[in-house]
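Residue strings, one per chain:
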Amino acid sequence: MLEIDALSLSIGRTEILHDVSLSIGEGEIFGLVGESGSGKSMTALALMGLLPLRARTEGAARLDGIDLLRLPERDLCALRGNDISMIFQEPMTALNPVQTIGDQVAETLTIHGKADRAEALAVARDRLDRVGLSHIGLDRFPHELSGGQRQRVCIAAAIALHPRLLIADEPTTALDVTTQAQILDLLKGLVAEENMSLLLITHDLAVVADMADRIAVMQRGVVVETGPTRQVLAEQAHPYTRALFAASAHQPERAGNAAKDAILRVDNVHRHYPGPRQGLSRGDPVRAVDGVTFDLQRGESLGLVGESGCGKSTLTRAILGLDPVTSGTITLNGHSVYPGMARALRADVQVVFQDPYGSFNPRWRVDRIIAEPFHLLDNPPEPRPAVAAALEAVRLSPADMEKYPHEFSGGQRQRIAIARALITRPKLLVLDEAVSALDVSVRAQILDLLADLQGELGLSYLFISHDLTVVRAITDRVLVMQKGQIVEQGATEQVFTAPAHPYTQNLLAAAPTLEVTP
Amino acid sequence: MVRYILTRALSLALSLIVASIVIFAVIEVIPGDPAAFMLGLNANETAIAALRAELELDGSLTERYIAWVSGMLSGDFGTSYTYRVPVSELVLDRIWISLPLTVYALLLSTLIAVPIGVIAATNRGRVGDYAIIGATQLGIAVPNFWFAMLLVLLFAVTLQMFSAGGFPGWDDPGAAIKALTLPAIALALPQASILARVMRSALIDTLGQDYIRTARAKGLTRGQAIRRHALRNALIPVLTIIGLQFSFLLAGAIIIENVFFLPGLGRLIFQGITQRDLIVVESVTMLLVFAVIVVTFLVDVAYALVDPRLRRG
Amino acid sequence: MSRLPVSLWIGATITLIFAALALISLVWTPHDITSLSIADRLQPRSAEFWLGTDQFGRDMVSMLMEGSRTSIAVALVAVGIGMGLGVPLGLAAAATRGSLLNEIIMRGNDLIFAFPSLVIAILITAVYGPSATNAILAIGIFNIPVFARVARGGALPIWTLDYILAARTAGKGRARISAEHVLPNIANLLIVQSTIQFSLGILAEAALSYVGLGAQPPTSSLGRMLSEAQTMIYSHPSLAVLPGLAIVVMVLGLNLMGDGLRDALDPRLRRGRADA
């Protein structure tokens, strides 16, 4: 049905896509996989005719024999939303904030002249019911909906006219695992009942492994391998596919040497926020952290897993001594942790954050960035040799201290963040989604580095993540958090193989897995 | 929505109270004895005592403040010392020039700026856009009262299309509007230049948003996406500027009345200053501040109409 | 910082020329403008009076030089007041988001916005009489909330970034973080805003002295030159055109410089990321 034939694309003098050829059949789910910068999203935008103005294309993309790349804008407008639809990664910003969701779904029909407003709204109601929003009124605004619900609205608008092809560009990347599973299920069901084709674009091999009939693997603008999903994943004919597969399932070598000696004790910690205003009074307080108790042993690697809003960020900030707790105690090495704690104690717990771009003051040089925690020491050592040593410890060059953060890649920045966290020789390192923003191959390298450092320096890790695969790969023990409470804890392998709590079971069932028998 | 308006109204009332205290303090407390100040250095004791009695200056500060505010609330702004008539009469005579002039200029500015900003944004990077950027850059740099003088020179002196100044009164609305047209244009053009630039950058920002891409993916043309989705979102920052411009235009109107010899609030207040008529200055500044605060409140309400995210609660 | 925008070059050149003229006028002007000479009144352009004289026989070039100096001095000090008080307030408001202090600062801001600089000038003048100092105060007070808002608006998104949390785990307090991490990253915004406020200050000074609330004789000011020329506009239009043109060119230069600076300092246009 859709035939991409030797598509090349360049913006200015930069070639983004080179000789991309794909074909998608009627009613087929086609997975397009690649890391950031591989050109997978540009391929989709080329099909939609929504490329940046300066982009030049060669080759052809035929939908039932009509070349989309050569179609005049007027015909493309008639085609978009009608024959080909598309949904995007970020549901929070994909909807017009000042228009009701009913109008936004109905617009697909009215804009193509398929219905007047009343009919279109009736169809919108029907489509919203189909995507599982029967309890949500047409007159609601996007800000009143959750991320998953907004993505459903986008899907409803995209399928309102029963398109032949739906393009989904990382449709679940911004969502929690359980929501992701529901959205993927919904897309699968729609493909079956509408006899529609789906082009599913993702960085996550596990997502396509579960979903797609056929896949193509892209690397730097080139399709390196394509074929039926099972075959591609089983044979892994191309080295890049093999590397990607290995990195996705990477297990770093770790020497488990947790001592029976708690370095961090969290005892019945509560953190409540004032409830939302209701008229002149306030509603019940929000219990962001609701009675959490656990110990973290010296040299141990402890995972903390939960979906967004479960309270793990609030708990993290309390453990770092940045925010106060409502009740309960946190002790580090026997000393109490709270916002006014001694600087020397702070030097014992440091943190690495998720965003490799927001982690550094862009106007500071690397040497100053890494030396910042020396503020905590009464007699800090000479900074330059210490920074050089820290850079070497994270496998960067001491010469890098003269550079600015923007001169580094995402993976290198995460290494700099680790160097900064280690400069005061802390005993406990909090890793807050520290590898979540990285491509799988880079992620595997950082996980190896963390495992090595733990062995060399005898560090304890508190590893906070929504990504179950990563937590399984690097932790000894795991805590599962839901609605401010720890619902399950135990040895990592045990929790993953035999989850006891229904929430953990749900979470594990929802997580896409990459288990293909060769 | 109701809750939102109520909180804004509360903040409006609070602003008015604080503003009145500030004005009262500057005019009646800082000079020491207002009566002595008004009469100047050569005044004799009896005259000052008489004026103190007339102005009821002998109570405590709190009593005087409360008397002043409650007087204003019931329409009594005191009696002008120099004109010997109630200030409310003076103001009523003149506000029907200053206020219509401000509103006229605001309308002109908005009607000119919004379409121009849209044209510039939708032709971004092309000749039309650069021409508009250049013209607005020049427009911002022109002092409105100087522009007014040039307009007089061109339209009243050279072309003889308008009279050079004066005001015929509202008995003949056509003539009144004609007399306010040159001043309104002089006021509006610099503000329109600012507003057009805000409109342009707001629209360019919204055109880069994800929901515009979603709309295009549904099959809307670029024009449809702009009209149906971008414009309303771009209006939110534009509204803020329109609100701020009201106060600039009101101040500008007071100054520009001098160029066109319009007997508005400006003439009243400047005479009040030269004649040290504190009663007039106090009441008229309070009135100006009142107008600005009320317009700010109206803009806040307009926000809620445009942006549903504010209506919550 | 290669390839600076053209607008920056043009704007900076104009601004420098006016600044130089204003500085020179401190020590030298072609003629003395404090002595009025009926014999020389309303002279046309000549070798002695390059741009002619006004109705009091004062040399226009000298008047324009001194008038520009008054404009620049008033606007500059007013920007200084606005920045010096507004930026710390804005930074404090952002650093204490959600607290009472933030609320007080922002409400105070709104309140000052209700007093346009003209109204502030009227109030001050009514009590203390007109002077350049009062014009500076009026414009400066009005600048405070402008800078406070820009500083707060720029600082708020920075406070959500991870490097702020990293600094807090390094034991740094809010004031120190504001100075070390926030201020350098909003400096661009503040520089651009100060060119805007500078040019607005020149316009405001002209308006205030036009209605007699600004600098008093014998100090020359462009606004008062315009008000004195108003009655002569039919017979000698150049007396009214020249000071206005001086204002326009000066403000245009500043605005062009501001636009150019914004483009030159915008990190989105300058920095490339080295993606993995």
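Values in this document were obtained by computation on a predicted structure and should not be read as measured data.

1. Focus: unusual backbone geometry
Inference 1: Cis rather than trans, the peptide bond between Pro217 of chain C and Pro218 of chain C has omega equal to 5°.
Inference 2: Here Pro218 of chain C is to be found in the loop between α7 (174–210) and α8 (222–229).
Inference 3: Despite not being glycine, Asp64 of chain A has its phi angle at roughly 50°, a positive value.
Inference 4: Structurally, Asp64 of chain A can be placed in the loop between β4 (55–63) and β5 (66–67).
Inference 5: Look at Asn333 of chain A: it is not a glycine, yet its phi comes out positive at around 55°.
Inference 6: In this fold, Asn333 of chain A is placed in the loop between β16 (327–332) and β17 (335–336).
Inference 7: Note on Asn333 of chain A: 16 C-beta atoms within 10 Å, which makes it partly exposed.

2. Re the sheet that holds β4 of chain A
Residues and elements named next belong to chain A.
Inference 1: One open sheet accounts for four strands, arranged β2-β1-β4-β5; its pairing is antiparallel. Taken across any chain shown, the strands that pair with only one partner, and hence form the sheet edges, are β2 (14–24) and β5.
Inference 2: In this sheet, β5 lies alongside β4 in antiparallel orientation, the contact comprising two bridges. Each bridged residue has a counterpart across the sheet, and for Leu63 the counterpart in β5 is Ile66.
Inference 3: Running over the sheet, helix α1 (residues 40–48) touches β1 (2–11), β2 and β4 and is turned about 70° from β2.

3. Here we look at the pairing of strand β20 (residues 460–465) of chain A
Residue and element names in this part refer to chain A.
Inference 1: Extensive coverage of β20 is indicated by the burial of six of its six residues.
Inference 2: Burial of the side chains of β20 extends over both faces: Ser460, Leu462 and Ile464 are buried on one face and Tyr461, Phe463 and Ser465 on the other.
Inference 3: Of the pairings in the sheet, the one linking strand β15 (residues 301–305) to β20 comprises five bridges and is parallel in character. The partner of Val305 across the bridge, within β20, is Ser465.
Inference 4: Sheet topology note: the strand β19 (residues 428–432)/β20 ladder contains five bridges and is parallel. The residue of β20 that forms the bridge with Leu431 is Phe463.
Inference 5: Chirality of the crossover, the property in question, places the unit of β19, helix α15 (residues 440–457) and β20 among those that are right-handed.

4. Some points on the interface of chain B and chain A
Inference 1: Taken together, the 20 residues of chain B in the interface contact 26 residues of chain A.
Inference 2: When contributions to the side of chain B that touches chain A are tallied by element, the ones reaching two or more residues are α9 (210–217) and α10 (222–260) of chain B.
Inference 3: Among the elements that take part in the side of chain B that touches chain A, α9 of chain B stands out by supplying six residues, more than any other.

5. Description of the interface of chain C and chain B
Inference 1: Across the boundary between the two partners, chain C contributes 30 residues, which contact 36 residues of chain B.
Inference 2: Listing elements by their share of the side of chain C that touches chain B, those giving two or more residues are α3 (100–113), α4 (117–128), α7 and α9 (237–265) of chain C.
Inference 3: At nine residues, α9 of chain C tops the list of elements feeding residues into the side of chain C that touches chain B.
Inference 4: Split into classes, the residues belonging to the side of chain C that touches chain B amount to 25 nonpolar, four polar and one charged.

6. Focus: the sheet that holds β20 of chain A
Residues and elements named next belong to chain A.
Inference 1: Read from one edge of the open sheet, six strands run β18-β19-β20-β15-β21-β22, paired in mixed fashion. Edge positions in the sheet fall to β18 (349–352) and β22 (485–491), since each of these pairs with one other strand and no more. Mean inter-strand twist for the sheet, computed between neighbouring axes without regard to direction, equals 20°.
Inference 2: The sheet contacts of helix α14 (residues 410–422) involve β18 and β19, and relative to β18 the element is tilted by about 175°.

About the criteria used
Residues numbered from 1 in each chain as written. Chains lettered and ligands numbered in written order. Predicted model: local features only at pLDDT ≥ 70, side-chain atom pairs only at ≥ 80, totals over all residues. Helix = DSSP H or I, 4+ residues; strand = E, 2+ residues; numbered from the N terminus. Buried ≥ 20, exposed ≤ 12 C-beta atoms within 10 Å, placed from the backbone. Pairing = 2+ DSSP bridges. Contact = placed C-beta atoms within 7 Å. Axes fitted to C-alpha atoms, helices over the stretch in contact; angles between N-to-C directions. Right-handed = clockwise from strand over helix to strand, strands pointing away. Nonpolar A, V, L, I, M, F, W, Y, C, P; charged D, E, K, R; others polar.

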